[in-house]
Amino acid sequence: MTAQAGVPTSATTQLDGRQEIGARIERLPVTRPVFWTRNVIGAATFFDGYTVIAIAYAMPVLVQQWSLNPQQTGLILSVGYLGQVFGAVLFGSLAERFGRLKILLCTILLFVSMDVACLFAWGALSMMLFRFVQGIGTGGEVPVASAYINEFISSKGRGRFFLLYEVMFLFGLVGAGLIGSVLVPRFGWQAMFVVGLIPAAILIPLRFFMKESPRWLAGRGRYVEADRIVSALERSAVASGHILVDPQPSVGAPTKSVTDWRELFQGIYRARTLTIWGMWFSSYLVANGIITWLPTLYHQTFNLPLETSLRYGLLTSVAGVVAAVACALLIDRVGRKRWYVVAFLLAPIPLALLALLGAGGATQVLVLAGLAYAIVQTITFSLYLYSSELYPTRLRAIGTGFGSAWLRLGSSAGPIVVGWIIASFGIQYVFGVFACVLLAGAAITALGGIETKGRALEELSP
């Protein structure tokens, strides 16, 4: 490539360098280094999912131990998501400036250290504080990780490859349910946070075996480093028996290299930004409003034993994982926009039934709320893929971070809304409100969404 002899200096050569790095990646199969990079980052994302939902399985015990009312319970469940708003915006911006890997390490260290702090919480206020700071770390990890993984893979099969990584977040939710149902009744709520310390021991050493995103390096003018990484991937592909065709730069190759967050609200990106924000907020308000409250509802409202309440919550998480895996395998064939619109329209049906039937029994809630949650989960877990496809490399981490900030706002609003509606009106009205929110999400997606399947990142976002 033109940058092999040294760093290019002219604007034309810089453009060619970024084009060529993207074109060379586009023709690569999934090599062994990329496969293992995805798995290492996936392990971090597993514990991110675990950390986010761990409090839900500790909550039935804390409600009794600390004599919490529904409003306090909702605030404790929500405050971590408020911290994630700041983390998503802050670390997304830092990742554009300092690189993906350095910022990923910072986010992991932050949410693990706050896991230790949560072990020593002595009441509602201290738990809120620790969960808020922990949320800053967990909020930064996933958007940066999603940008990083997307930048290593080509458009062919990108949806399946990326979403099979993103499923690790849902496995984290299920893992929290399994661990909670076994450990909390025997060892208390602190057991949930002890397990959350594992990523520090496993992931931090593995981080030093990974390479920086070559697309990010090229975007920063560091072509020699980007070339070195892509050349290693090419050698790995050839060693595996693949024959590489000549690079074909995309028609919509990038024309800028400087990150400016204001660009999110200019040109073609304005509509994309507003659409993805609406999708994040509506889907996560419902998904997290359901999953974080269910164990406590089963135990407090329907008077089920603690073990049964936690097991029912686990079943809902498992249903979400099954639906998400189906989405990962099919979304490249169905397409992003079509999948999202249909899911937004289907999920309100069981929620409306619950509202009409009065949500009168635990089994009724388990079946219908679980079905709605599973459908919505196919949207929530795949929006990181969609967000990363909507922005160019110079805006990918910050655009995904800003968008996922609305995820956090929706996630924090969900438990608060549930607590307020239950205390003021009754449980059945929760599900009616959630159905209306999802219908609004369907309208936003149908009007503003674009199709991205099978298109190179450089083609989608100049």
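Because the structure is predicted, anything quoted here is derived from the model rather than measured.

## Points about the overall build of the chain
Here is step 1: If you tally the helices and strands in the chain, you get 19 helices and zero strands.
Here is step 2: Here the C-alpha radius of gyration of the chain, 22 Å, is about what a compact globule of 462 residues would show, namely 23 Å.
Here is step 3: Counting across all 462 residues of the chain, residues that qualify as buried make up 61%.
Here is step 4: Restricting to contacts in the chain with at least 6 residues of sequence separation, those with at least 24 account for 84%.
Here is step 5: Approximately 17,200 Å² of the chain is accessible, and the part contributed by carbon and sulfur atoms is 67%.

## Topic: the packing of aromatic side chains
Here is step 1: A complete count under the given rule lists 15 aromatic pairs for this structure.
Here is step 2: Each residue in the set F265, W277, F281 and W406 is aromatic and connected to the rest through ring pairs, giving one cluster.

## Things to note about a nonpolar patch on the surface
Here is step 1: Together, V342, L346, I349, L353 and L357 line one region of the surface with nonpolar side chains, adding up to about 440 Å² of accessible area.
Here is step 2: Secondary structure elements with two or more residues in the nonpolar patch: α13 (336–346) and α14 (348–357).
Here is step 3: Counting residues per element, the nonpolar patch draws most heavily on α14, at three residues.
Here is step 4: Among the secondary structure elements, L357 is positioned in helix α14.
Here is step 5: Residue classification places L357 among the exposed residues on the basis of a relative accessible area of 54%.

## Section: the pattern of salt bridges
Here is step 1: On inspection of all chains with the given rule, the structure shows eight salt bridges.
Here is step 2: One salt bridge connects R24 with D227, and the closest N-O pair in it is separated by 2.8 Å. Here the residue R24 occupies a position in helix α1 (residues 11–26), and D227 occupies one in helix α10 (residues 223–239), the gap between them amounting to 203 residues. As far as the burial class goes, R24 and D227 line up, both buried.
Here is step 3: For the salt bridge of R336 with E389, the shortest nitrogen-to-oxygen distance reads 2.6 Å. Of this pair, R336 sits in helix α13 while E389 sits in helix α16 (residues 383–390); the two residues are 53 residues apart in sequence, bridging distant segments of the chain.
Here is step 4: Salt bridges linked by common partners bring R24, R27, D227 and E234 together as one network.

## Here we look at unusual backbone geometry
Here is step 1: Of note, the phi angle at S67 is positive, near 55 degrees, even though the residue is not glycine.
Here is step 2: Along the polypeptide, S67 turns up in the loop between α2 (32–65) and α3 (70–98).

## Looking at the packing of α3 against helix α4 (residues 100–118)
Each packed pair of helices is defined by two parameters, the angle between the axes and the distance between the axes.
Here is step 1: For the pair α3 and α4, interaxial distance at closest approach is 7 Å and the crossing angle is 145 degrees. Packed against α3, whose contacting residues are F91, L94, A95, E96 and F98, the element α4 presents R100, K102, I103, C106, T107 and L110 at the interface.
Here is step 2: Tallied by class, the residues present in the contact of α3 with α4 amount to seven nonpolar, one polar and three charged.

## A word on the state of the cysteines
Here is step 1: Evaluated as defined, the whole model comprises zero disulfides.
Here is step 2: In this structure C106 is a free cysteine whose sulfur lies 20 Å from that of C118, the closest cysteine sulfur available.
Here is step 3: C106 gets classed as partly exposed once you look at its relative accessible area, which sits at 39%.

## Brief notes about α10
Here is step 1: In this model α10 runs 24 Å from its N-terminal to its C-terminal C-alpha over 17 residues, within 8% of the 24 Å that 1.5 Å per residue would give.
Here is step 2: Residue G241 follows α10 closely and has a positive phi angle near 95 degrees.

## Structural notes on the confidence of the model for the chain
Here is step 1: A residue-level look at the chain finds 91% of positions with pLDDT of 70 or above and a mean pLDDT of 80.
Here is step 2: When the elements of the chain are averaged for pLDDT, α1 gives the smallest value, 65, and α13 the largest, 94.
Here is step 3: The low-confidence segment residues 1–15 (pLDDT under 50) makes 22 contacts with residues lying over four places distant or belonging to another chain.

## Observations regarding the packing of α16 against helix α17 (residues 393–424)
Here is step 1: Orientation of α16 relative to α17, taken along the N-to-C sense of each, is 140 degrees, at an axis distance of 8 Å. The pairing of α16 with α17 is recorded here as oblique in orientation. Crossing of α16 over α17 shows right-handed handedness. Each of Y384, S387 and S388 in α16 lies in contact with α17, whose residues at this interface are R396, T400, S404, L407 and R408.
Here is step 2: Split by residue class, the contact of α16 with α17 holds two nonpolar, four polar and two charged.

Cut-off values and rules
Residues numbered from 1 in each chain as written. Predicted model: local features only at pLDDT ≥ 70, side-chain atom pairs only at ≥ 80, totals over all residues. Heavy atoms only, no water. Helix = DSSP H or I, 4+ residues; strand = E, 2+ residues; numbered from the N terminus. Rg over C-alpha atoms; globule rule 2.2 N^0.38 Å. Buried < 20%, exposed > 50% of the residue type's maximum accessible area, 1.4 Å probe, protein only. Contact = heavy atoms within 4.5 Å. Areas by Shrake-Rupley, 256 points an atom, 1.4 Å probe, with all protein chains shown as cover. Phe/Tyr/Trp six-rings, centres within 6.5 Å; stacked < 30°, edge-to-face > 60°. Patch = residues over 30% accessible without salt bridge, like charges linked within 9 Å, V, L, I, M, F, W, Y side chains within 5 Å. Salt bridge = Lys/Arg side-chain N within 4 Å of Asp/Glu carboxyl O. Axes fitted to C-alpha atoms, helices over the stretch in contact; angles between N-to-C directions. Nonpolar A, V, L, I, M, F, W, Y, C, P; charged D, E, K, R; others polar. Disulfide = S-S within 2.5 Å. Expected span 1.5 Å × (residues − 1). pLDDT = per-residue confidence, 0-100. Parallel < 35°, antiparallel > 145°, perpendicular 65-115°, else oblique. Left-handed = near helix turned anticlockwise from the far one by under 90°.

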